[in-house]
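Residues per chain are reported as follows:
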Amino acid sequence: MAKNPKPRKLTVYLYIPNIIGYIRVLMNIVAFALCFSHKNLFSVLYFLSFVCDGVDGWCARKFNQVSTFGAVLDMVTDRISTACLLVILSQQYRPGLVFLSLLALDISSHWLQMYSTFLLGKASHKDVKDSSSWLFKLYYGNRMFMAFCCVACEVLYIILFLIAEPHNESVIDVLLHASKQSFLLSALVVPVLFGWAIKQTVNVIQMKTAADVCVLHDINKKQKS
């Protein structure tokens, strides 16, 4: 029986989902280059890049073009774009340390999760079936729930960017004031804050769970030596 031909390196780089990933990178570069002069255009490009994250995942499954490179490209793009926006927000609101702490939590939890995935020999960092946390399993096990939490998180950051005042103010005061001025915004804030809170909770669980895997790996290594 003839074996499937081994794909060349260039072939993987040119997978449809990976090309979408490159477009996402370009959109983010343009978005952040224009973020202070064209806030609305930045918000559209940033959100489109985020939506394309779901599109490239669908294409990867549809065309059987799932790749480790694509998964890493996606995660790096997500983490860097969110980190850049959080840095900007840390300069627009007080206390800025809140946004920098969210940045640190986001990067450290995902980095530890990826590393623990390799230690366990799993194919994906979303494979959490053996976790004891029902919320963690629900988040990664239900695509719609995960999409809601991720969208809510990014939409909250975009809203905060758009309503930021020229001078630094408390994020809570600005959000409350803007909500009173707009019924649409006040109706949007509640579900968005809920999704954001769930995602941050999952990040904490993810970081602790992944750290435990690393520690257990060290203990097992010492016992074998």
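Residues numbered from 1 in each chain as written. Predicted model: local features only at pLDDT ≥ 70, side-chain atom pairs only at ≥ 80, totals over all residues. Heavy atoms only, no water.

(A) Highlighting the environment of Asp 218. As for its position among the elements, Asp 218 is in helix H9 (residues 183-224). In this structure Asp 218 comes out as partly exposed when scored by relative accessible area, which is 40%. Note: C-alpha distance between Asp 218 and Gly 21 (197 residues apart in sequence) is 35 Å. (Helix = DSSP H or I, 4+ residues; strand = E, 2+ residues; numbered from the N terminus. Buried < 20%, exposed > 50% of the residue type's maximum accessible area, 1.4 Å probe, protein only.)

(B) Highlighting the nonpolar core. Counting residues in hydrophobic clusters, the biggest one holds 36 residues, and the most contacted among them are Phe 42, Leu 85, Leu 89, Tyr 93, Phe 99, Leu 160 and Ile 163. Elements represented by at least two residues in this core include exactly helix H2 (16-33), helix H3 (39-62), helix H4 (68-92), helix H5 (97-120), helix H7 (143-163), helix H8 (171-181) and H9. With nine residues, the top contributor of residues to this core is H7. Setting aside its immediate chain neighbours within four residues, Ile 163 contacts Tyr 93, Val 174, Leu 175 and Ala 178. Ranked by size, the runner-up nonpolar core spans 12 residues in total, among them Val 128, Phe 136, Cys 149 and Val 202. (Core = buried A, V, L, I, M, F, W, Y, C linked by side-chain atoms within 4.5 Å. Contact = heavy atoms within 4.5 Å.)

(C) Quick look at a nonpolar patch on the surface. A cluster of nonpolar side chains, contributed by Leu 10, Tyr 13, Leu 14, Ile 19, Ile 23 and Phe 69, occupies part of the molecular surface with about 540 Å² of accessible area. Structurally, the position occupied by Ile 23 is in helix H2. (Patch = residues over 30% accessible without salt bridge, like charges linked within 9 Å, V, L, I, M, F, W, Y side chains within 5 Å. Areas by Shrake-Rupley, 256 points an atom, 1.4 Å probe, with all protein chains shown as cover. Salt bridge = Lys/Arg side-chain N within 4 Å of Asp/Glu carboxyl O.)

(D) Up close: unusual backbone geometry. Of note, the amide linkage connecting Arg 94 to Pro 95 takes the cis form, showing an omega dihedral of -5°. Here Pro 95 shows up in the loop between strand S1 (93-94) and H5. Even without glycine at this site, Asn 64 takes up a positive phi of about 55°. On the secondary structure map, Asn 64 appears in the loop between H3 and H4.

(E) Structural context of the environment of Val 171. The topology assignment puts Val 171 in helix H8. For the pair formed by Val 171 and Cys 59, sequence separation is 112 residues and the distance between their alpha carbons is 38 Å. The residues touching Val 171, leaving out its near neighbours within four places in the chain, are Tyr 93, Arg 94, Phe 99 and Leu 160.

(F) Structural detail: H2. Its 18 residues give H2 an end-to-end C-alpha distance of 26 Å, which sits within 8% of 26 Å, the value for a rise of 1.5 Å per residue. Taken residue by residue, H2 has Pro 17, Asn 18, Ile 20, Gly 21, Arg 24, Met 27, Asn 28, Ala 31 and Phe 32 as its buried positions. Looking straight down H2, one finds that the buried residues subtend no more than 165° of arc, so they occupy a single side. Exposed residues on H2 whose side chains face more than 90 degrees from its buried face are Leu 26, Ile 29 and Ala 33. Lining the buried residues of H2 we find helix H1 (9-13), H3 and H4. (Expected span 1.5 Å × (residues − 1). Arc of directions from axis to C-beta.)

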